[in-house]
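Listed below, chain by chain, are the residues.
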Amino acid sequence: MLINELRDINFIIFPDWSNLETAIAEDLTNVLRTLFTHPARQDITLLIYSQSLSDELQDNANSLLFEIVLKLSLEETVSQDLNAGLTGQLTTQEWSIIKSFINFCIPINNEDRYIIQQPEIVQVPRCDLSEIEQPTIYEAARLESWHRWGDYFADSESPENAISYYSKYLSSCPHQINYYLKLSDVLYKTGQMPAAIKKLQNGISNCPQAEELYYWLIIRLKQSQNYLEARNFAQQVTEKFPENYVFKMLSYLMLPETYHTPQEIDTYRAWFQDGLEKLIQEIIMNSPSAQKKAFIGISHHTNFFLAYQAKNDLVLQQQYGQLVHQIMAANYPQWGQVHLISSIRVLTIVYSLLSYRVMITLTCFLWQTFI
């Protein structure tokens, strides 16, 4: 059983192959008859665990499965839409991957008691045949699978395959903020920047209070070199969320990586200088909450691109450094205290440094003398 044979809804059963063939056949018949008539059978895969069987017994089990399907076909209950098969002998890695996509274990009469008591199997939800056709059951399984498949492909060498699964998930759950971020990230990684921006905009429409969606839309606009649009949008977001210091930092201090004219450099530099002055004047840290927000704000910002303007940044960096010091001192006052060093400790430090210099000098002398 290969991973590409799995579908949106994956069931598994664990037959005890040491039992009589007739008993196993009865269990398989009951399960297959139910799934062959399931309303979502085109999205279902049934895994029949056969890891412990030898090659010869695997062949016997396949023959038994074929006979049962043939018998059910005579009853006109067989549908080609259903996918069912033995797991076969899997490597540890293959079984680990396949197991992560199993939605439910179906209990049967002749079940391998040893396998189902293993910790990795106990964690798999169990679903009786009588419950399988309930829409809430298979719809929940489908959503869970879209999430799992999306995450699986997003971290694989083919992240573009995650797009359809995240999209289907959002079509059913349009208020799941995290999935807009996941889908936008995959679109960005696969070179689809306009689609990544559009998806974040859709997320904001459905989740207008999700501050992380606004943040990443600003970042994506900047990454797409729409600097002015990113800055203007950051200013709008700052008005919407005035207590969010991250947005203030972006709206006041965001800079491009490249410039087209010297005048453009002057414009952005003036905006930066004016914004820095406003940050210093407007900063409020009269409560632990306000101090924490300011700290989060500076942790999301760097003046790295200021140097790209090829100007003298000493005064601006000093002003920004003082702002950072003020915020850090408010959050970690113990770090801002001046600690006087005793004269004895000063002498100890000086002695250590002098001893180190003497050792280095002696080593150099010996090296030049004997080498």
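Here we summarise the structure given alongside this text. Note that the coordinates shown come from a computational prediction; the quantities given were computed from them, not determined experimentally.

This next bit is on the nonpolar core. If you look at the biggest cluster of nonpolar residues, it comprises 55 residues, and the most contacted ones within it are Phe-14 and Leu-250. At seven residues, the largest contribution of residues to this core is made by helix H10 (residues 211-223). Residue contacts for Phe-14: discarding those within four places in its chain leaves Tyr-49, Trp-95, Cys-105, Ile-108, Asn-110, Glu-111, Asp-112, Ile-115, Ile-116 and Ile-121. The next biggest cluster of nonpolar side chains, apart from the first, holds 31 residues, and it includes Ile-9, Leu-72, Leu-82 and Ile-108.

As a further point, take the pattern of salt bridges. All told, the structure shown has 14 salt bridges when counted by the stated rule. For the salt bridge of Lys-311 with Asp-266, the shortest nitrogen-to-oxygen distance reads 3.7 Å. Separated by 45 residues along the polypeptide, Lys-311 in the loop between helix H14 (288-299) and helix H15 (314-331) and Asp-266 in helix H13 (residues 262-282) bring together distant segments of the chain. Since its relative accessible area comes to 41%, Lys-311 is described here as partly exposed.

Mapped onto the fold, Asp-128 is located in the loop between helix H5 (119-122) and helix H6 (135-154). Between the C-alpha atom of Asp-128 and that of Pro-107, which follows or precedes it by 21 residues, the distance is 6.1 Å.

Right, let's talk about the environment of Ile-163 for a bit. Relative to the assigned elements, Ile-163 resides in helix H7 (residues 162-172). Ile-163 sits 20 residues away from Leu-183 along the chain, and the two C-alpha atoms are 6.3 Å apart. Discounting chain neighbours no more than four positions away, the residues touching Ile-163 are Leu-183, Val-186, Leu-187, Thr-190 and Gln-192.

Our next topic: the side chain of Asn-110. Along the chain, the position of Asn-110 falls in the loop between strand E4 (104-105) and helix H4 (113-116). A polar contact is formed between the side chain of Asn-110 and the backbone oxygen of Ala-23, at a distance of 3.4 Å.

Here the focus is the sheet that holds strand E2 (residues 44-48). Consider a sheet: its strands pair through backbone hydrogen bonds, and that pairing is either parallel or antiparallel. What the four strands build is an open sheet, ordered E3-E2-E1-E4; its pairing is parallel. Strands with a single pairing partner mark the edges of an open sheet, and in this sheet they are strand E3 (83-86) and E4. Of the pairings in the sheet, the one linking E2 to E3 comprises four bridges and is parallel in character. Pairing of Leu-46 across the sheet is with Ala-84, part of E3. Contacts between H6 and the sheet are confined to strand E1 (9-13) and E4, with E1 contributing the most and set at about 105 degrees to the helix.

What counts, and at which threshold
Residues numbered from 1 in each chain as written. Predicted model: local features only at pLDDT ≥ 70, side-chain atom pairs only at ≥ 80, totals over all residues. Heavy atoms only, no water. Core = buried A, V, L, I, M, F, W, Y, C linked by side-chain atoms within 4.5 Å. Buried < 20%, exposed > 50% of the residue type's maximum accessible area, 1.4 Å probe, protein only. Helix = DSSP H or I, 4+ residues; strand = E, 2+ residues; numbered from the N terminus. Contact = heavy atoms within 4.5 Å. Salt bridge = Lys/Arg side-chain N within 4 Å of Asp/Glu carboxyl O. Polar contact = N/O pair within 3.5 Å; in protein donor to acceptor, adjacent residues only side chain to side chain. Pairing = 2+ DSSP bridges. Axes fitted to C-alpha atoms, helices over the stretch in contact; angles between N-to-C directions.

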